[in-house]
Amino acid sequence: AQSVTQLGSHVSVSEGALVLLRCNYSSSVPPYLFWYVQYPNQGLQLLLKYTSAATLVKGINGFEAEFKKSETSFHLTKPSAHMSDAAEYFCAVSGSSASKIIFGSGTRLSIRP
Amino acid sequence: GAVVSQHPSRVICKSGTSVKIECRSLDFQATTMFWYRQFPKQSLMLMATSNEGSKATYEQGVEKDKFLINHASLTLSTLTVTSAHPEDSSFYICSARDFRVGTDTQYFGPGTRLTVL
């Protein structure tokens, strides 16, 4: 069985500040891990994914995430927040890159001017 | 990147009617598609896995007779919400598996917002 837990349903940071969105996973098999972003009334956009290669994964829009097996974590970071980063972010896990994906509860990111 | 489309993007229907939502992979063949639903301000919940040429696999708690899934071709899966009721109002999102060599990933459609009056 697989699951993800996103810590914090809402995160607010100032423009230019570090963004840190937390995700912990549980998986009985080596996991594939994903971060998706969703803007209001839109579908999902893949930010990045971990597929057992490099533990530090770089994605689009300046985001990156680090896979830490010892901590079962896959936190998402961005050095400097932009107003356009305001959205809902979902961490997700699967047993492979193309099997069914299980989503976390989501974290709403707000950016203060 | 690969594109997945959904039609319609929005639909409003009366209680008791049926609504069909289409999910298409536009530039690749998808033997496997997935259907999710998302309630307002909540996460995506997997409803079922749609396999081309065979019956869909439903997640626990999802009524297969209410949410009919047909995957008749390698580029099209349909979700039919039968006898829709207001509690079925939700955002329905599909994803399609692109298993071409070197790819093997999933792409999500833009979603369909269903409102049942």
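## With respect to the overall build of chain A
And step 1. For chain A, the count of helices and strands is zero helices and 11 strands.
And step 2. Along chain A, from the amino end to the carboxyl end, the secondary structure elements read β-β-β-β-β-β-β-β-β-β-β.
And step 3. Against the 2.2 N^0.38 benchmark of 13 Å for 113 residues, chain A shows a C-alpha radius of gyration of 13 Å, consistent with a compact globule.
And step 4. With respect to the three principal axes, the spread of C-alpha positions in chain A is 40 × 30 × 20 Å.
And step 5. Long-range contacts, defined here as pairs at least 24 residues apart, represent 57% of the contacts in chain A between residues at least 6 apart.

## What about the environment of leucine 44 of chain B?
All names here are of chain B.
And step 1. Of note, leucine 44 is situated in strand β5 (residues 44–51).
And step 2. Its relative accessible area of 3% is what places leucine 44 among the buried residues.
And step 3. Along the backbone, leucine 44 and tyrosine 92 are 48 residues apart, and their C-alpha atoms lie at a distance of 8.8 Å.

## Focus on the state of the cysteines
And step 1. Within this structure, the stated rule accounts for two disulfides over all chains.
And step 2. A sulfur-sulfur separation of 2.0 Å characterises the disulfide bridge that pairs cysteine 23 of chain A with cysteine 91 of chain A. Here the S-S torsion is close to -65°, and the disulfide linking cysteine 23 of chain A with cysteine 91 of chain A is therefore left-handed. With cysteine 23 of chain A in strand β3 (residues 19–27) and cysteine 91 of chain A in strand β9 (residues 87–94), this residue pair connects regions lying 68 residues apart in the sequence.
And step 3. Taking the relative accessible area as the measure of exposure, cysteine 23 of chain A reaches 0% and is therefore buried.
And step 4. Covalent S-S linkage joins cysteine 23 of chain B and cysteine 94 of chain B, the inter-sulfur distance amounting to 2.0 Å. As the torsion about the S-S bond is roughly 80°, the cysteine 23 of chain B-cysteine 94 of chain B disulfide counts as right-handed. Taken as a pair, cysteine 23 of chain B in strand β3 (residues 19–25) and cysteine 94 of chain B in strand β9 (residues 90–98) lie far apart in primary sequence, 71 residues in all. The exposure classification of cysteine 23 of chain B matches that of cysteine 94 of chain B, with both residues buried.
And step 5. No disulfide involves cysteine 13 of chain B; its sulfur sits 18 Å from that of cysteine 94 of chain B, the nearest cysteine.

## Regarding the nonpolar core
And step 1. Ranked by size, the top nonpolar core spans 26 residues in total, and within it Trp35, Leu48, Phe74, Leu76 and Tyr89 of chain A carry the most contacts.
And step 2. The set of elements that each furnish at least two residues to this core consists of β2 (10–14), β3, β4 (32–38), β5 (44–50), β7 (64–68), β8 (73–78), β9 and β11 (107–112) of chain A.
And step 3. Setting aside its immediate chain neighbours within four residues, leucine 48 of chain A contacts Leu33, Phe34, Trp35, Val57, Lys58, Gly59, Phe63, Glu64, Ala65, Phe74 and Leu76 of chain A.
And step 4. In terms of nonpolar packing, the next biggest core, distinct from the first, is built from 24 residues, Val19, Ile21, Met47 and Ala84 of chain B among them.

## Overview of the interface of chain A and chain B
And step 1. Taken together, the 16 residues of chain A in the interface contact 20 residues of chain B.
And step 2. Across the chain A/chain B interface, buried area totals approximately 1400 Å², and carbon plus sulfur atoms make up 51% of it.
And step 3. Scanning the region where chain A abuts chain B turns up one salt bridge.
And step 4. For the salt bridge of glutamate 59 of chain B with lysine 100 of chain A, the shortest nitrogen-to-oxygen distance reads 3.3 Å.
And step 5. Sorting the residues of the side of chain A that touches chain B by element identifies β4 and β5 of chain A as the ones contributing at least two each.

Procedures and definitions
- Residues numbered from 1 in each chain as written.
- Chains lettered and ligands numbered in written order.
- Predicted model: local features only at pLDDT ≥ 70, side-chain atom pairs only at ≥ 80, totals over all residues.
- Heavy atoms only, no water.
- Helix = DSSP H or I, 4+ residues; strand = E, 2+ residues; numbered from the N terminus.
- Rg over C-alpha atoms; globule rule 2.2 N^0.38 Å.
- Contact = heavy atoms within 4.5 Å.
- Buried < 20%, exposed > 50% of the residue type's maximum accessible area, 1.4 Å probe, protein only.
- Disulfide = S-S within 2.5 Å.
- Core = buried A, V, L, I, M, F, W, Y, C linked by side-chain atoms within 4.5 Å.
- Buried area = accessible area lost by both parts, 1.4 Å probe.
- Salt bridge = Lys/Arg side-chain N within 4 Å of Asp/Glu carboxyl O.

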